[in-house]
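If you want the building blocks of each chain, they are given just below.
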Amino acid sequence: MPSAFERRFQPQRHDFVREPRRDDAPAHREHVRVVVLARQARGVEVVAQRRADSDDFVRGDLLALAASAEHDAAVGSPFDDVLRDGDADRRIVHRRFAGRAVIFHRVTEPLQRAFEVLFQKKTGVIGANRNSHRRELYYRHYMALTAVVGVRGERRIASGHPWIYRSDVADVSGAAGDIVSVKNARGRTLGHAFFSDRSQITLRMLTVGERAANVALIRERISAAIAFRTSLALDSTAFRLVHGEADLLPSLVVDRYGDYLVVQTLSQGMDRLLPEVVRALDEELHPNGILARNDPRTRLLEGLEQRVDLVAGEIPETIDVVESGVRYDVDLRHGQKTGLFLDQRENREAARAYAHGRLLDCFSYHGGFALALAPKCTDTIAFDVSEDAVARIRRNADRNGIAVDARVGNVFDELRGLERLRERFDTIVLDPPAFAKNKGAVEKAAAGYKEINLRALKLLSPGGILVTCSCSYNVNEGAFADIVLDAAVDAQAHVTVVEKRMQGRDHPVLLGVPETYYLKCFILRKLA
Ligand code: SAH
């Protein structure tokens with residue numbers, strides 16, 4: 001029940017939003033404090049604050065003022081319509097809000113409360129500065145950026161999954177790439193998310209609960225992600241700094257290659273923040289250059305173009321990387337993924353411990369496993385279907401003084417060919433590309449995985465080691481284990497599991513989000 005006082009006050013919108021010019025009069029000729037506020041359920045968050053000459057905002061520089069207060073935040077197109085109308089010069093624009101500035105003399109506590117009640121009711125958002133000085137500039141929410149989710153969406157958010165699908169979103173008020181507050185049907189705030197108007201993944205949660213999502217939060221998470229990678233003290237000059245959802249930075253990838261960085265922004269929301277991400281990385285790490293490798297096909301699902309841009313400094317044609325003592329020549333602009341398969345680093349190291357005799361590295365790319373394992377083996381053959389990749393394996397082998405017989409070939413055919421020739425190997429690596437890129441492809445993918453594992457087990461000598469991988473997240477660990485077992489049964493081989501491994505520690509898995517556990521790597525031993 002509202003108190004008698006509140007009832008008496010029953011404030012009306014026009015009480016607070018005065019006409020242009022007239023309401024600014026008290027602020028003339030003086031310095032005032034400009035406060036841009038976004039209301040949180042448990043208080044008021046100041047998102048920008050500055051001293052300014054009142055003339056600045058009576059004459060129309062309010063917009064620039066507020067924008068620069070928030071680190072020169074870009075004023076996005078969603079506000080264009082808002083700004084075009086009559087009193088545009090009265091509006092403060094923060095990246096997500098556009099509102100009318102209202103200046104008050106001495107707001108009394110009760111009035112302030114009533115005032116908050118009004119705007120909570122009417123618009124859901126109001127800012128009020130509790131440490132009122134003589135003059136305050138209040139900021140009223142103009143457009144609530146909100147998404148309403150159904151019961152299933154709410155349950156999914158509660159389970160910690162950051163992706164909410166289109167079918168679970170009832171209503172959205174916001175534009176492509178906006179950060180929206182996510183509510184249930186009763187209006188309770190469940191969190192804040194990136195909104196995509198194209199993807200089946202309509203919302204990507206950034207926060208759960210009342211905590212707002214803003215640039216400061218993104219920067220904080222980038223710093224935390226980098227600090228964790230630094231603490232790992234990996235034996236490599238190339239590793240992943242930010243692994244998207246698993247760093248609570250949905251659809252952001254940042255890889256480090258020596259003094260250079262590669263970023264990928266794979267959703268509308270994260271793509272809009274690319275300049276902020278670049279700035280944060282620049283300040284944190286002072287790289288010589290940052291490349292935005294935004295050419296993955298997944299961007300098309302977001303209605304984003306595939307493009308590669310130099311976004312800071314410079315990037316040489318090739319970069320020298322040392323991983324566990326092996327030197328690689330990496331082309332950040334054209335290489336697969338961001339240049340190398342960084343996620344396999346620790347599996348290469350682990351496999352090295354068992355490697356012996358004749359080595360066959362299938363799906364070798366730039367020779368990752370071949371180069372890591374060859375020093376422990378008598379001879380090494382590496383296959384890749386790509387001529388460019390094979391040329392790179394040869395170059396890398398030469399640079400490291402390692403002998404590798406690198407051949408262009410389709411592994412499916414080559415394994416059969418080797419079997420016909422009655423060749424035998426003591427160590428075989430299978431690291432194919434994702435055969436199951438989507439759910440529909442799982443069955444066919446399973447057949448592909450089984451085929452190569454069966455052939456490899458047949459080619460393996462007793463006591464031999466099979467390092468077998470799958471990077472299809474649609475084929476989970478259990479399913480992959482079943483496929484490998486099937487292959488072992490058909491090959492009539494007794495096989496022990498020596499190690500079950502996954503992607504490297506710089507690509508951690510977020511519990512409850514199976515999509516982040518994509519790389520499985522089993523190290524198997526054939527007994528007989
Ligand atoms: N093992 C590598 C990464 C492999 S990525 C490493 O440790 O760095 C998968 C590779 O498989 C790609 O280089 C791709 O060109 C190759 N490839 C895809 N299909 C193939 C096929 N049927 N036969 C041989 N190579 C194939």
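Residues numbered from 1 in each chain as written. Predicted model: local features only at pLDDT ≥ 70, side-chain atom pairs only at ≥ 80, totals over all residues. Heavy atoms only, no water.

Student: It is not clear to me how the site of the ligand should be interpreted in this structure. Could you clarify?
Tutor: Close to the ligand lie 16 residues, the nearest being Arg348, Phe363, Asp384, Val411 and Asp431. For the shell around the ligand, the residue count by class is seven nonpolar, six polar and three charged. (Near = heavy atom within 4 Å. Nonpolar A, V, L, I, M, F, W, Y, C, P; charged D, E, K, R; others polar.)

Student: Is there a simple way to explain unusual backbone geometry in this structure?
Tutor: Most peptide bonds take the trans form, and the phi angle of most residues other than glycine is negative. Look at Leu248: it is not a glycine, yet its phi comes out positive at around 55 degrees. Along the chain, Leu248 turns up in the loop between strand E12 (238-243) and strand E13 (252-257). Not every positive phi belongs to a glycine, and Arg422 is a case in point at roughly 60 degrees. Tracing the backbone through its elements, the reader meets Arg422 in the loop between helix H14 (411-420) and strand E22 (425-430). (Helix = DSSP H or I, 4+ residues; strand = E, 2+ residues; numbered from the N terminus.)

Student: How do you make sense of the sheet that holds strand E11 (residues 201-208) when you look at a structure like this?
Tutor: Strand pairing in a sheet relies on backbone hydrogen bonds. The paired strands run either parallel or antiparallel. Reading across from one edge, E7-E11-E10-E9-E6-E8 is the order of the six strands in this open sheet, with mixed pairing throughout. For this open sheet the edge positions go to strand E7 (163-165) and strand E8 (169-173), each flanked by a neighbour on one side alone. For this sheet the average axis-to-axis angle between neighbouring strands, irrespective of direction, equals 35 degrees. Both E7 and E11 contribute to a ladder of three bridges, which runs antiparallel. Residue pairing across strands places Ile164 opposite Leu203, the latter belonging to E11. Sitting on the sheet, helix H7 (residues 151-158) is in contact with strand E6 (146-149), E7, strand E9 (179-183), strand E10 (189-195) and E11, with an inclination near 170 degrees to E7. Strand contacts of helix H8 (residues 215-232): E10 and E11, with the helix running at about 80 degrees to E11, the strand carrying the most contacts. (Pairing = 2+ DSSP bridges. Axes fitted to C-alpha atoms, helices over the stretch in contact; angles between N-to-C directions. Contact = heavy atoms within 4.5 Å.)

Student: Looking at this model, I keep getting lost on the pairing of strand E23 (residues 460-470). Mind explaining?
Tutor: A regular strand places its side chains so that they alternate between the two faces of the sheet. Burial runs high along E23: ten of the eleven residues are buried. Pairing of E22 with E23, which is carried by five bridges, proceeds in the parallel orientation. Bridge pairing links Phe425 to Leu460 in E23. As defined by bridge partners, E23 adjoins strand E25 (residues 520-526) across six bridges and the pair is classed as antiparallel. Note on E25: the bridge partner recorded for Leu466 is Leu524. (Buried < 20%, exposed > 50% of the residue type's maximum accessible area, 1.4 Å probe, protein only.)

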